Amino acid sequence: MNPQPLGPLAALPAPSVEYAEISPALIVFGAAILGVLVEAFAPAELRAKAHAVLGGGAVLAALIGVALLADAGAPPRAVLAGSVADDGLSLSLQGLLVISTLPALALMVGRYDSLTHTEAVPLTLFALGGMLAFVSAQDLLTLFVALEVFSLPLYLLCALATRRGLLPLEAALKYFLLGAFSSAILLFGVALRFAATGSTSLAAVPQDAVLGTLGAALIGVGLLFKVGAVPFHSWVPDVYQGAPTPVTAFMAAATKIAAFGVVLRLTLVAFRDVPWRPVIGVIAVVTVIVGSVIAVTQSDVKRLLAYSAVAHTGFLLIGVYAGTVRGTGAVCFYLAVYGLSTVGAFAVAGAVRESTPDGGTVEVGDLDRWAGLGRTRPWLAGAMALFLLSFAGIPLTGGFAGKFAVFTAAAQRGGGWLVVVGVLASALAAVFYIRVLMTMYFAPPHEFAPDVPRVDPMTGFAIAVGIVAVIALGVFPQPLLDLFADITVFSGR
């Protein structure tokens, strides 16, 4: 007897799974699952070392996987039934994510005494895996699922601080509630975009202009929350201050890279039917001004760095405004400098500690108590000074090269007014960076200045990576700029 056909479904080809193209994310997720098993079955005294080896090895293996995929030189395409983009933008962003995660993970392993649980490393790997999928998503549903995969571990990580009272729990709750609202708004935008196009593909062209524009606006709101742009920035200072410093370092670098990667892909591929450039320009101006002005009034180091991060979001949006391949490359370069220098800056902030009566140590966040640090701990103060000068955009630092790149890209697309605002905001931002330098080097030592303990090797590694990045990308920026200059983006058409 001949078998009967199964109907129209019988003619559909079997879906293919391109494992090689998604290998970096698979490696990280696999290590995260093994980390959960280690946490469940390994003796307590071995967990920290096992997580360090497993986490560091997974990140290095993922970096090798990204390098091999980039070296293969395959043309831009979509894999996994069109849900994942395999192009230069996704590989560049994945490389930036794993490179910035490595020193943040080292800081986390070195500062286990500031965390309540050793499962912080597996949670970090789950978040990293979600980010790797997020920046390569070519489908709106894949985008949303990846967003939730990396957001949920971050909510948990924010609450894992010790010796901080209820502050970490407050930060985690605020991040969770606001993050849930932003995810719901983004999902509503996805639904409207689907109604307008009849497809969840990023490249689908809307048939209904009104629904397509509303959907793009709501998706943009959800992503602007993730990057910390004004007026969606209220969570940034509280979460940065309340979360454990290693977690803050990871969030500040990796989350911004992931979110801006998706912003770039959406503006270049999905939102061609939407006049998004004027909106981005206005938000960029408001963000750099608000971040710079409020940062001047801060007296806590982590809150100061948080508002500095808001200002840098504005500078990055100036690069997004260009809407060109050159602008995309400039934003990627800026993210490379910002990510590594931010991890280094938070590593220094976490290293300025003092002993407690119970034999432990606690961070000293009050800026006034950093007075005289340049004399008592010149190496730490010098590293922080270098990071702050880079944030301010001083020549011969990576920050100057990054700002110059995004300003040039915007100016070539009629964004001269954005460049003027950006330069003025940079001058204003220099005020609070110089204030920190003056406090460390020229103010008399504080009456209760902390007796900073010796920096552990892992924290020293995180700081050293940031120093090398700031100097190398400031003195020799051209090789990396050239690498990003011809970045490829899969259009889906």
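Before reading further, recall that the structure is shown in the block above.
Residues numbered from 1 in each chain as written. Predicted model: local features only at pLDDT ≥ 70, side-chain atom pairs only at ≥ 80, totals over all residues. Heavy atoms only, no water.

Participant: Now, about the overall build of the chain: what can you tell me, with residues and values included?
Facilitator: Tallying secondary structure elements over the chain gives 18 helices and 4 strands in all. A compact globule built from 493 residues would reach a C-alpha radius of gyration of about 23 Å, and the chain, at 22 Å, matches this within 12%. The dimensions of the chain, computed from C-alpha atoms along their principal axes, are 90 × 60 × 40 Å. The burial tally for the chain puts 58% of its 493 residues in the buried class. Excluding contacts between residues fewer than 6 apart, the proportion of contacts in the chain whose partners are at least 24 apart in sequence is 81%. Element-wise, carbon and sulfur atoms account for 72% of the exposed surface of the chain, whose accessible area totals about 19,200 Å². The chain carries 25 positive and 26 negative side-chain charges, and their two centres are separated by 5 Å. (Helix = DSSP H or I, 4+ residues; strand = E, 2+ residues; numbered from the N terminus. Rg over C-alpha atoms; globule rule 2.2 N^0.38 Å. Buried < 20%, exposed > 50% of the residue type's maximum accessible area, 1.4 Å probe, protein only. Contact = heavy atoms within 4.5 Å. Areas by Shrake-Rupley, 256 points an atom, 1.4 Å probe, with all protein chains shown as cover. Lys, Arg positive; Asp, Glu negative; His and termini not counted. Charge placed at Lys NZ, Arg CZ, Asp CG, Glu CD.)

Participant: Would you mind going over the side chain of D300 in detail, with residue names and values included?
Facilitator: Among the structural elements, D300 can be located in the loop between α10 (276–295) and α11 (301–322). Here the side chain of D300 touches K302 through a polar contact of 3.0 Å, landing on its backbone nitrogen. Beyond its immediate stretch of four places on either side in the chain, D300 contacts Q241, G365 and D366. (Polar contact = N/O pair within 3.5 Å; in protein donor to acceptor, adjacent residues only side chain to side chain.)

Participant: Break down helix α6 (residues 167–197) for me, with residues and values.
Facilitator: With 31 residues, α6 should cover 45 Å at 1.5 Å per step; its first-to-last C-alpha distance of 44 Å lies within 8% of that length. Following α6 by one or two positions, G198 has its phi on the positive side, about 75 degrees. (Expected span 1.5 Å × (residues − 1).)

Participant: Which residues make up unusual backbone geometry, and what are the values?
Facilitator: Here V230 and P231 are connected by a cis peptide whose omega angle stands at 10 degrees. As for its position among the elements, P231 is in the loop between α7 (209–227) and α8 (235–242). One non-glycine residue, L80, adopts positive backbone phi at about 55 degrees. Position of L80 relative to the elements: it lies in the loop between β1 (77–79) and β2 (84–86). A positive phi angle, near 70 degrees, is found at L396, a position not held by glycine. If you trace the backbone, L396 turns up in the loop between α14 (378–392) and α15 (398–411).

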